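Summary of structural features
Next come the chains, spelled out residue by residue.
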Amino acid sequence: MGQNEWLNGYLEAILDAGKAKDKADNKTLKNSIRKKLDGDEDDIVDGKLKFQTMEVVSKDKQDVKIFSPTKYFVEEVVNGFDEADLHRTWIKVIATRNYRLRNNRLENMCWRIWHLARKKKQIALDAAQKLVKWKIEREQGRSIAAEDLSELSEGEKEIKGDSSYQTDSSHTHTHISRINSDAQIWSDDNTSRQLYIVLISLHGLVRGENMELGRDSDTGGQVKYIVELARALANTEGVHRVDLLTRQITSPEVDSTYGEPIEMLSGGSGAYIIRIPCGPPHSYVPKESLWPYIPEFVDGALSHIVNMARALGDNNGGKPVWPYVIHGHYADAGEVAARLSSVLNVPTVITGHSLGRNKLEQLLKQGRLSRADINTTYKIMRRIEAEELGLDTAEMVVTSTRQEIDEQWGLYDGFDIQLERKLRIRRRRGVSCLGRYMPRMVVIPPGMDFSSVTAQESSDADGDLKSLIGTDRIHKSPMPPIWSEIMRFFSNPHKPMILALSRPDPKKNVTTLLKAFGECQPLRELANLTLILGNRDNIEDMSNSSSSVFTTVLKLIDKYDLYGSVAYPKHHKQPEVPEIYRLAAKTKGVFINPALVEPFGLTLIEAAAYGLPIVATKNGGPVDIIKALNNGLLVDPHDEKAISDALLKLVADKNLWNDCRKNGLKNIHKFSWPEHCRNYLFHVEQCRNNHPTTSHLRVMPIPEEPLSESLRGVEDISFKFSVDVDVVKPNGEPDSASGQQKIVDILLAKANHKGKSMNHNYCPGRRQWLYVIAVDSYSSEGSPAEALPLIVKNIMQVAGSESSQIGFVLLTGLSLLETKEMLHRSNCQVKLEQFDALICSSGSEMFYPWKDLVADEDYESHIEYRWPGENVKSMLLRIAKIENKAENDDMQLSQSSPRCYSYSIKPGAQTQKIDDLRQRLRMRGMRCNLVYTHVASRLNVIPLFASRAQALRYLSVSWNIELSKVIVFVGERGDTDYEELLGGLHKTVILRDCVEYGGSEEGLKKEDDDIVAQDSSKIAVAEGFDVHCISKALGCFGIM
């Protein structure tokens, strides 16, 4: 009954809300609440009723948010009470009904809110059913794979019993799995190697010195880790150069150093930060808003890598030196690495740092935001898809802990630890994996730079704090300023100091630590608490989550009267962090990381290096760290008493404190950067053994202009050749003029030779521009539209007299045969020979008319990697089957080539979405691209590395044509890969009214607003596809 009294109070508050307002405002408020109570399903997402508790009104031309108590109370009722309580209240109101207006309103409101609560319950049930369906689908994929691979079951048992296998892949380790640094995993003969390594970390503020860690949520431990990794790798024997690619930021909001294109890292010979222009040039864009600009970053990074490969090749016999590995950090950089890998055919490594699926799960458990709100705020689904793409292409995934593999990567469609082990066993035995692939997960803990750790930290007797800050300080060095900044908070600075260092993020769980400290009187009497929570000037200027954490911290300090016992300095510099650790060690204090989940815990290693025992969360990486270092205790981050007991135990027991200190200093070398780099390079080398070489990618040298062009129309020219010619005058003297004319005639004759190898007219190296025609124009039946050849002719006609400098490429979902038939049937007199390249079947086939339509064998070999081939044929028909149908008779294989299977779809048939098909293939270990084309009447299944956008990048590299010199012509809509053609450094012209039928493909792909930048200056719109409209659109780029 007590619960119902609360509910009744809420309902009364809803009726009373807004009484103080005038009648007009009150009427608006009633209308608003009535609209919400009508039960619109759009207001309920994932079991949470969506209400805006803040109304925005205009005042003095500024947006002012006014709190709405009515909406707040309704949200509390629907989300906080069970439907049974709502029903009982409704019955009670009916039983005590009278004719007063207030009671009638209360009855009606109870019924409507009860109705909303029931909808909430139904949506929660639907979400649970969706999760169950996902798990069933995954189990089906696993069982199918196990059935296909069952022939090696006995062999697998044999290998599983082998001790070497257990050391390599068992997930029941008692210690972190790593290679012992004493073993020659990176042998001495590697000193002669000259490796080029590319690291990518896209977001945040990245620089080598004075890193602004904690300035915002994008500039944290990942920035420090990646910079130190670049330095350490550059200092490793056999590594010639390391490039760390990040975004160039020229915004006035940040320091000008972030706008410098190149920064050489100090302390790392050959380590550079390369800043690539990407997105709005004068804005600091948070990582959640960077997704539309990733294609632009890919193109810029590709240009840099190609130029660097050529420059390094000048000292290597002229052969380009391609990267040894491309390593993407976080989801955004992982997608960049995947795109670069598929163009350059270079092995890819990814590191998640933190993962989208795990974050989504945690946020949903908190219950503060619905799934839709989470996706809007964090772009979480876009991030998850980028991580899945990283798994598709990666040779290796570097993790910090075993827990990250089992509990985080295990949530993804593209990784199954059981299937990965089966496939690894088959590869070892030289048996086919039947087109399936899973990336290798490797545990390599992050390293640490111990150069700032002096011998004093390693000694046992390093003096107490009194000898350093006491009144007798003769011959003592000056006290670090940060010490004074911290100790001014304490009434007794000589107490042991409990240190917590993190961002002011709710996930770091600092408020629970503060509650534990405030509730434990013995701990308060024995120790002080220092909270280093980033830098701040004004709490009100911080982000909502950060300001909320600080506000709670200040309230708790006041609640428990912790003044004089808790320090929370406003500012600290990155070089001062070692001094903070030293101060805690001098006071014989303890370091604590109470995060709800900690992917790794680099601060724990830093603290151990300075002799501090540690207390850490039991969720995540600290479990492995404490096992390796044996220098602290694990706690449940939700248990305040467990936290205070662990801190009190370490601070009060000096013998235990000394043992933990000694163990930490003894074992800390396991986390050094040299150890990390040796392990890293060893595993990368193992992965490269399974990856094809980059020899398939050939960069065409830029030829000089052929003589047939340079000499055409020239009549009076004098060559000063020093040659012997068999032309003499009647008096016996050489006739130089006739000799020169003979040379010219010979050269012209050779240049105009009709042999296939001498056809310079279509030599791609001579082109200054590429016009790429990617218009997906079909009839209602899915055949090429009659307007398509006319569109091609008009685009070629626009080139006019400059056609010799402009190359034409057809980029289509049609097969080569369909392309020939389309041009043959037309009356537009467009011939295949007018194209430099034909990229057919959604990017899986590339032909050169200037080579008699010979297929590019290098490109075929390039995209062959991880192509399941015949194994995907029958599999696709099985997974594309609609539920509750006995057979899949709506789809059948209509065309087949070595790298493209085209399935025809019956008109009106119900089909699966691209994302659903891709998900099911991933669950079965098959990596492919899928494209609906021909007005959704055909599904093309092509290799992972094949796509129309990636084919363009391949041509730009192999033909030496900058992507900024490429213009892509598209319609207003197209195949399901249409959006991929809109982003990047190339220019795009959208031709209106050239696609009569279409749009059905849009329902077969995920709706995503983060693919194309809405404010792109590289996209122009032509009002039609006639010559005039196309020329006018090109004029927007200053071309015509």
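Residues numbered from 1 in each chain as written. Predicted model: local features only at pLDDT ≥ 70, side-chain atom pairs only at ≥ 80, totals over all residues. Heavy atoms only, no water.

What to know about the overall build of the protein chain
The helix and strand inventory of the protein chain stands at 36 helices and 30 strands. Per-residue burial over the protein chain gives 54% buried out of 1040 residues. The long-range fraction of contacts in the protein chain, counting pairs at least 24 apart against all pairs at least 6 apart in sequence, stands at 72%. (Helix = DSSP H or I, 4+ residues; strand = E, 2+ residues; numbered from the N terminus. Buried < 20%, exposed > 50% of the residue type's maximum accessible area, 1.4 Å probe, protein only. Contact = heavy atoms within 4.5 Å.)

Description of the sheet that holds strand E25 (residues 900–905)
One open sheet holds the four strands; their spatial order is E24-E25-E27-E26, and the pairing between them is antiparallel. Of all the strands in the sheet, just strand E24 (891–897) and strand E26 (928–933) have a single pairing partner and so form its edges. This sheet shows a mean twist of 25° between the axes of neighbouring strands, independent of strand direction. Where E24 meets E25, six bridges bridge the pair, whose relative direction is antiparallel. The residue bridging Ser 897 from the neighbouring strand is Cys 900, located in E25. Packing against the sheet, helix H33 (residues 871–879) makes contact with E24, E25, E26 and strand E27 (938–943), and its axis sits at approximately 25° to E25. (Pairing = 2+ DSSP bridges. Axes fitted to C-alpha atoms, helices over the stretch in contact; angles between N-to-C directions.)

Looking at helix H13 (residues 380–393)
The end-to-end C-alpha distance of H13, which contains 14 residues, comes to 20 Å, matching closely the 20 Å that a straight helix rising 1.5 Å per residue would cover. Of all 14 residues in H13, twelve are buried; the element is thus mostly enclosed. Among all positions in H13, only Ile 380, Arg 382, Arg 383, Ile 384, Ala 386, Glu 387, Glu 388, Leu 389, Gly 390, Leu 391, Asp 392 and Thr 393 are buried. (Expected span 1.5 Å × (residues − 1).)

Some words on the packing of aromatic side chains
Enumeration according to the criterion identifies twelve aromatic pairs in this entry. For the ring pair Tyr 771 and Phe 969, a centre distance of 5.6 Å and an interplane angle of 70° mean the geometry is edge-to-face. One end of the pair, Tyr 771, is in strand E19 (residues 769–773); the other, Phe 969, is in strand E28 (residues 966–970), and 198 residues separate them in sequence. Judged by relative accessible area, Phe 969 falls into the buried class, the value being 0%. Grouping aromatic residues by their ring pairs yields a cluster made of Tyr 581, Phe 591 and Tyr 610. The lysine or arginine in question, Arg 357, covers the ring of Tyr 412, its NZ or CZ lying 5.3 Å from the ring centre. (Phe/Tyr/Trp six-rings, centres within 6.5 Å; stacked < 30°, edge-to-face > 60°. Lys NZ or Arg CZ within 6 Å of the ring centre and 35° of its normal.)

Observations concerning the packing of helix H12 (residues 371–378) against H13
Contact geometry of H12 with H13 gives a least axis separation of 6 Å together with a crossing angle of 70°. The angle between H12 and H13 places the two elements in the roughly perpendicular class. Contact with H12, carried on its side by Ile 374, Asn 375 and Tyr 378, involves Ile 380, Met 381 and Arg 382 of H13 and no other residues of that element. Its residues placed into classes, the contact of H12 with H13 shows four nonpolar, one polar and one charged. (Parallel < 35°, antiparallel > 145°, perpendicular 65-115°, else oblique. Nonpolar A, V, L, I, M, F, W, Y, C, P; charged D, E, K, R; others polar.)

Remarks on the nonpolar core
In terms of nonpolar packing, the biggest core is built from 73 residues, with Ile 200, Phe 297, Ile 326, Leu 340 and Leu 344 touching the most fellow members. When residues of this core are assigned to their parent elements, the largest contribution, ten residues, is made by helix H9 (residues 294–313). Not counting chain neighbours up to four residues away, the residues in contact with Phe 297 comprise Ile 200, Leu 202, Leu 245, Thr 246, Arg 247, Ile 276, Cys 278 and Val 336. Ranked by size, the runner-up nonpolar core spans 71 residues in total, among them Ala 516, Val 566, Ala 585 and Ile 625. (Core = buried A, V, L, I, M, F, W, Y, C linked by side-chain atoms within 4.5 Å.)

Observations regarding the sheet that holds strand E22 (residues 845–848)
The strand order across the open sheet built from eight strands is E23-E22-E21-E20-E19-E28-E29-E30, with neighbouring strands paired in mixed fashion. Two strands in the sheet have a free side with no partner beyond their single neighbour: strand E23 (854–855) and strand E30 (1019–1022). With three bridges joining them, strand E21 (residues 837–840) and E22 adopt antiparallel strand pairing. The partner of Leu 838 across the bridge, within E22, is Phe 847. Helix-sheet contacts for helix H35 (residues 948–958) involve E19, strand E20 (806–811), E21, E22 and E28, and the interaxial angle to E22 is about 40°. Sitting on the sheet, helix H36 (residues 1027–1035) touches E19, E28, strand E29 (987–991) and E30, and the angle it makes with E30 is about 155°.

Brief notes about the pattern of salt bridges
Per the counting criterion, the structure on display carries 37 salt bridges. For Arg 275, the salt bridge identified is with Glu 263, shortest N-O distance 2.7 Å. Of the two residues, Arg 275 is situated in strand E8 (residues 271–277) and Glu 263 in strand E7 (residues 262–264); the sequence distance between them amounts to twelve residues. Residue Arg 275 is classed as buried on the basis of its relative accessible area, which comes to 3%. (Salt bridge = Lys/Arg side-chain N within 4 Å of Asp/Glu carboxyl O.)

Things to note about unusual backbone geometry
Phi is positive for Asn 210, which is not a glycine, with a value near 50°. Position of Asn 210 among the secondary structure elements: in the loop between strand E5 (195–200) and helix H8 (221–234).

Description of the pairing of E19
With respect to burial, E19 is a largely interior element, five of its five residues being buried. Residues Trp 769, Tyr 771 and Ile 773 line one face of E19 and the alternating positions Leu 770 and Val 772 line the opposite face, and both faces are buried. Alignment of E19 against E20, held across five bridges, turns out to be parallel. Bridging across to E20, Ile 773 finds its partner in Leu 810. Bridge analysis of E19 against E28 gives four bridges, and the strand direction is parallel. By the bridge assignment, Tyr 771 is partnered in E28 with Ile 967.

Let's talk about the side chain of Lys 287
If you trace the backbone, Lys 287 turns up in the loop between E8 and H9. Here Asp 218 takes part through its side chain, which lies 2.6 Å from a polar atom of the side chain of Lys 287. Those residues within four positions of Lys 287 in sequence are excluded, and the remaining contacts are His 203, Ser 217, Asp 218, Tyr 330 and Asp 332. (Polar contact = N/O pair within 3.5 Å; in protein donor to acceptor, adjacent residues only side chain to side chain.)

Side note on the confidence of the model for the protein chain
Detailed reading of the predicted coordinates is not advisable wherever pLDDT is low. When the pLDDT values of the protein chain are averaged, the result is 79; 72% of them are 70 or greater. Across residues 152–185, where pLDDT falls below 50, the model places 61 contacts with residues more than four positions away in sequence or in other chains. Residue range residues 704–726 is modelled with pLDDT below 50. Its contacts to residues more than four positions away, or to other chains, number 21 contacts. (pLDDT = per-residue confidence, 0-100.)

Thoughts on the packing of helix H11 (residues 356–366) against H13
At a minimum axis separation of 8 Å, H11 and H13 run at an interaxial angle of 150°. Contacts from Gly 356, Arg 357, Lys 359 and Leu 360 of H11 reach H13 at Ile 380, Met 381, Arg 383, Ile 384, Glu 387 and Glu 388. A breakdown of the residues in the contact of H11 with H13 according to their chemical character gives four nonpolar, one polar and five charged.

Some words on H11
Within H11, burial applies to Gly 356, Asn 358, Lys 359, Leu 360 and Leu 363. As for H11, its buried residues are in contact with H12, H13 and helix H14 (402–408). Gly 367 occupies a position one or two residues after H11 and carries a positive phi of about 75°.

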